Amino acid sequence: MPILFNKAAREFHLYNGRISYIFCIAKNNQPQHLYYGKAIPHVESFSHMNILRSTVLSPVPFSDDMDFSLSTVLHEYPSYGTGDYRTPAFQIQAADGSRVSDFQYKSHKVFEGKNKLTGLPHTSCDVGQGTTLELILADEELSCELVLYYSIFEDLSVIARSARFTNKSSQDLKILSALSMSTDFDESDFDFITLDGAWCRERHITRTRLRKGIQSVGSSRGASSPDHNPACFLAATNTDEYSGDCYAFSLLYSGNYTAFAEVDSYDGTRIGLGINPFEFQWNLGKGKSFETPEAITAFSDRGLNDLSSNLHDLVRKHIIRGIWKERVRPVLFNNWEATYFDFDEEKLLMLAWQARSVGIELFVLDDGWFGRRNDDTTSLGDWYCNLDKLPQGLGELSAKIKSMGLLFGLWIEPEMISQESKLMNSHNDWAIGVPNRSRSFGRSQYVLDMSNQEVVDYLFHAIAKVIEDGDLDYIKWDMNRSITEAFGAALKPEDQMSFFHRYILGTYELYERLSAAFPNVLFESCAAGGGRFDLGMMYYAPQGWTSDDTDPAERLKIQYGSSLIYPLSCMGSHVSASPNHQTGRETSMDFRFHTAMFGLLGYELDITKLAGAEIEKIKEHVGLYKTYRPVLQFGDFYRLKSPFDNEGDTAWMTVARDKSAAVCANYKVLAKPNPSLKRLKLAGLNEDSFYRLVGTDRIYSAKELMSRGIALEIEFSGVVPPESEQIKCTAGKDYGDFTSYLYFLQEEKVRE
Ligand code: GLA
């Protein structure tokens, strides 16, 4: 059992071969943190770790013990009001208005596998894959129970956490805040890493030294947002991709959240993650329970690549569900950047035919197929076919596309409603807004009140009908605007502060019901690109549209940053037109493909207008992608060179799970004249093996490839470059801006 209990010392040790997480029950009967980091051997008592200190101004709960102060001990799930002045994990208000609590240890259970959360995304963990500690605490005065869940995975350096409050009293309680996890460190010599951005430039890496006070990211938009991903990291200041201690913290939640690090006056660091306490309250009626969303934390002493590798495995094995979990994902064509709203059946069939001819497997009809939708001002909510554009109907179009041998999918934006729509005429009250106040527009549309069960039920039936009528294999589920004027028309005044949480619970319910009813449909989540690209969404939708920015040079940063948490099998990534529609930048088809292939490949440009040579190139690319698809989609991913440190230049690679093959790419964004010679060190290969560079007769030891590296292309220096050690399998332009090289490696039998 990887969770041990030292009975006498009342200590819990969660461990596997990689990590240890240790806490005790302190003399006030509350859980007190002791250690989180690299695995250490179990001993009968860790009490020596419990170094108490207090200062002259510290409040103390016991008058005969001036050393034990809640303002300085390390907590597991801290409260406010009894001496700790850092940000609490929760706050509960009693019927008399008081907000002081004292949740004390009552008992615990340890079991194989893991708890499931109701109506919320959660990691799965079968018997044999991990162990869970259920720590039961109670506040006798409030008659409230608090259960803290900790699940440690057998083969990953990951712990999942959540909390559940149950009101056992005869009076109503109010939860003012309830985080998913809190962890205290007694040091602050860390960098704080977050994934920040905006629409079209999501998840850029920000790394700053921790400083005193609170540094946080969060969202109050109603979705996790493109501004900040719901996650944060701590990394010892010398940590890089290959070495050093680092911690990840992330939420399986897609609504308003907070994720913060708070450095106190004595250089301790508190990490907290959970529902954003701003715009949140939950009335906990008698006998009722409230579960927080789940958070996960991971640790590595081997740098950020290893940390990400654990997170990727967690997503692939323990978050993604259903038939698409391990199944290679189809190469898709999406008509959005090819036609926008301007299409008819003939155009779509021409696109589909061309897509099929280059080897594409799934045709996705994006926005504009429903209601009277010809631009973004109308029809959201009217989920039936636009017969002006598609007079034969959806079923007929689907049948024609399927008869070409393609799968068929649709874009849909269930949570939205247009002012000009039949749905608005019949259900004006379903659009979020405060009565007698005007509603703000966002992308010319309003948001439906997903906290209202009637709305969720209606949408389930409406979308189920679309799936059946169109015989759909795939759905791109979009969410194009943030919430304003938050108010639930069906909620009581005293429940209004729970609106945002109820909104996302309603969205999760709709996802759950649709994916249960249509288990073969592949869902791709989207929120104006990557505005709700989080672990919560991945529980329902195995893949996400990474960003509306399809410019390959921009995508290097977006995909590199995303890879800190998310595996390539979650990242929709398309080749689009040149000049690019978001940046106007011109790049070669090779450069575009070389970037998009490190993700779930798709095409999103008018392929009926391309020259024959470009079509041939796409055919070649799609064939190449399919050959290496299992390695690209499900291999182990390594970041080799960061676009954030190298003026955009990037390198990365994926290695097959059995290490028999690898695909590596090096990208140069801006050419420099007369540059120095550069080598690229590879990673993740089988140390004792040799690898053949596909397309050449060269064979290298893995040790050489990882220690000396491969010599990169010689660039313009005024003389014709010698052949020397240059190796390339597929190249874009030979030199200049936006060049890229791919290297395919095949493991050879070990040499004598
Ligand atoms: C959002 C999506 C795009 C596209 C449009 C359609 O912006 O991110 O990919 O589907 O909506 O309106």
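Everything in this summary refers to the structure shown in the same document.

Conventions adopted
Residues numbered from 1 in each chain as written. Predicted model: local features only at pLDDT ≥ 70, side-chain atom pairs only at ≥ 80, totals over all residues. Heavy atoms only, no water. Helix = DSSP H or I, 4+ residues; strand = E, 2+ residues; numbered from the N terminus. Rg over C-alpha atoms; globule rule 2.2 N^0.38 Å. Buried < 20%, exposed > 50% of the residue type's maximum accessible area, 1.4 Å probe, protein only. Contact = heavy atoms within 4.5 Å. Lys, Arg positive; Asp, Glu negative; His and termini not counted. Charge placed at Lys NZ, Arg CZ, Asp CG, Glu CD. Core = buried A, V, L, I, M, F, W, Y, C linked by side-chain atoms within 4.5 Å. 1 Å grid on protein atoms, 1.4 Å probe; cavity = no way out; pocket = protein on both sides within 12 Å on 5 of 7 lines; lining within 4 Å. Points joined across faces, edges and corners; volume = space filled by probe spheres on them. Nonpolar A, V, L, I, M, F, W, Y, C, P; charged D, E, K, R; others polar. Polar contact = N/O pair within 3.5 Å; in protein donor to acceptor, adjacent residues only side chain to side chain. Near = heavy atom within 4 Å. Areas by Shrake-Rupley, 256 points an atom, 1.4 Å probe, with all protein chains shown as cover. Pairing = 2+ DSSP bridges. Axes fitted to C-alpha atoms, helices over the stretch in contact; angles between N-to-C directions. Salt bridge = Lys/Arg side-chain N within 4 Å of Asp/Glu carboxyl O. Phe/Tyr/Trp six-rings, centres within 6.5 Å; stacked < 30°, edge-to-face > 60°. Lys NZ or Arg CZ within 6 Å of the ring centre and 35° of its normal.

**Topic: the overall build of the protein chain**
Helix and strand content of the protein chain: twelve helices and 39 strands. Its C-alpha atoms give the protein chain a radius of gyration of 27 Å, within 12% of the compact-globule value 27 Å for 752 residues. The dimensions of the protein chain, computed from C-alpha atoms along their principal axes, are 85 × 75 × 45 Å. Here the protein chain, with 752 residues, has 62% of them falling under the buried criterion. The long-range fraction of contacts in the protein chain, counting pairs at least 24 apart against all pairs at least 6 apart in sequence, stands at 68%. Positive and negative charge centroids in the protein chain, built from 77 and 101 side chains respectively, lie 1 Å apart.

**Topic: the nonpolar core**
Core analysis: the biggest nonpolar cluster contains 191 residues, and F165, W369 and F598 have the highest contact counts within it. In terms of nonpolar packing, the next biggest core, distinct from the first, is built from 22 residues, M653, L682, M706 and Y741 among them.

**Focus: empty space enclosed by the protein**
Applying the stated rule across the entire model yields four cavities of 30 Å³ or more. Within this model, the largest cavity holds a volume of roughly 90 Å³. Every residue lining the largest cavity is listed: Q30, P31, H75, E76, Y77, P78, S79, F90, F103, L137 and L146. Counted by class, the lining of the largest cavity contains seven nonpolar, three polar and one charged residues.

**Notes on helix α9 (residues 552-562)**
In terms of burial, α9 is largely enclosed, as ten of its eleven residues are buried. Considered for burial, the residues of α9 that qualify are P552, A553, E554, R555, L556, I558, Q559, Y560, G561 and S562.

**As for the side chain of H122**
Inspection of the secondary structure puts H122 in the loop between β6 (104-112) and β7 (130-139). At a separation of 3.3 Å, a polar atom in the side chain of H122 contacts the main-chain amide nitrogen of L117. From its side chain, H122 meets the backbone oxygen of L120 in a polar contact 3.0 Å long. Excluding residues within four positions of it along the chain, H122 makes contact with K114, N115, K116, L117, L252, E294, H318 and Y539.

**Quick look at the site of the ligand**
Taken together, 13 residues are adjacent to the ligand, and D366, D367, K476, G529 and D548 come closest. Within the contact set of the ligand, an oxygen atom lies 2.6 Å away from a side-chain nitrogen or oxygen of D366. Between the ligand and D548, the relevant distance is 2.5 Å, taken from an oxygen atom to a side-chain nitrogen or oxygen of the residue. Relative to its unbound accessible area of 310 Å², the ligand is 96% covered by the protein chains.

**Description of unusual backbone geometry**
Here the residue pair S578 and P579 is connected by a cis peptide bond, since its omega of 0° sits within 30 degrees of zero. Within the secondary structure, P579 is located in the loop between β29 (571-576) and α10 (589-596). Here N29, not a glycine, exhibits a phi torsion of approximately 70°, which is positive. Residues other than glycine seldom take positive phi values, yet F738 does so here, at roughly 55°. With respect to the element layout, F738 can be found in the loop between β38 (730-731) and β39 (739-748).

**Structural notes on the sheet that holds strand β21 (residues 332-334)**
Within the closed barrel, the eight strands sit side by side as β21-β22-β23-β26-β27-β28-β29-β30. Their pairing is parallel. Across this sheet, the average inter-strand angle for adjacent strands is 30°, counted without regard to direction. Where strand β28 (residues 543-545) lies against β29, two bridges are found, and the strand directions are parallel. Within the sheet, the bridge partner assigned to W545 lies in β29 and is G572. Contacts from α10 reach β29 and β30 (600-604) within the one sheet, and its direction differs from that of β29 by about 175°.

**Remarks on the layout of surface pockets**
Of the volumes computed, that of the second largest pocket is approximately 430 Å³. Taken together, 23 residues line the second largest pocket, and the ones lying closest to its centre are L34, Y35, L74, F185 and D186. For the lining of the second largest pocket, the secondary-structure elements that each account for two or more residues are β4 (31-38) and β10 (173-185). No other element matches β4, which puts seven residues into the lining of the second largest pocket. Across the lining of the second largest pocket, the residue classes break down as twelve nonpolar, five polar and six charged.

**Notes on the sheet that holds strand β2 (residues 11-15)**
Ordered by their spatial adjacency, four strands build an open sheet running β1-β2-β3-β4, and the pairing between neighbours is antiparallel. One side of each edge strand has no neighbouring strand; the edge strands of this open sheet are β1 (3-6) and β4. Each adjacent strand pair in this sheet contributes to an overall mean axis angle of 15°, direction not counted. Pairing analysis gives seven bridges linking strand β3 (residues 19-25) to β4, with the strands arranged antiparallel. Across the sheet, the residue bridging to I22 is Y35, located in β4.

**Here we look at the pattern of salt bridges**
Close approach of charged atoms allows side chains with opposite charge to pair. Going through the model one piece at a time under the given rule, you end up with 49 salt bridges. The salt bridge involving K109 is made with E134; its shortest N-O contact spans 3.7 Å. With K109 in strand β6 and E134 in strand β7, the pair connects residues that are 25 residues apart, well separated along the chain. By relative accessible area, which is 47% here, K109 ends up partly exposed. When its relative accessible area of 11% is taken as the criterion, E134 is described as buried. We note a salt bridge from R373 to D367, for which the minimum N-O separation is 2.8 Å. R373 sits in the buried class, given a relative accessible area of 0%.

**A short note on helix α4 (residues 393-403)**
Of the residues making up α4, those classed as buried are G393, L394, L397, S398 and I401. Along its buried surface, α4 packs onto α3 (345-357), β22 (362-365), β23 (407-412) and α6 (453-470). Two residues or fewer past α4, G405 is found with a positive phi of approximately 95°.

**Here we look at the environment of I699**
Within the secondary structure, I699 sits in strand β36 (residues 699-701). Taking the relative accessible area as the measure of exposure, I699 reaches 30% and is therefore partly exposed. Linking I699 and L745, residues 46 residues apart in sequence, is a C-alpha distance of 9.2 Å.

**Re the pairing of β1**
As paired strands, β1 and β2 are joined by four bridges and run antiparallel to one another. Within the sheet, the bridge partner assigned to L4 lies in β2 and is H13. Here β1 hands over to β2 after four residues, with R10 in that stretch at a positive phi of 55°.

**As for the packing of aromatic side chains**
The final tally for this structure, using the stated rule, is 49 aromatic pairs. Ring pairs connect the aromatic residues F5, F12, Y21, F23, Y36, Y105, Y150, F185, F190, Y247, F249 and F299, which therefore count as one cluster. Geometry around W545 places R555 over its ring, the cationic atom sitting 4.8 Å from the centre. Sitting over the ring of Y560, R639 keeps its end group 5.9 Å from the ring centre.

**Details of the environment of T583**
Relative to the helices and strands, T583 resides in the loop between β29 and α10. In the structure, T583 is positioned 232 residues away from L351 in sequence and 24 Å away in space, judged by C-alpha atoms. Discounting residues that sit within four places of it in the chain, T583 has contacts with D549, D551 and E554. Among the polar contacts made by the side chain of T583, one reaches the side chain of D551 at a distance of 2.3 Å.

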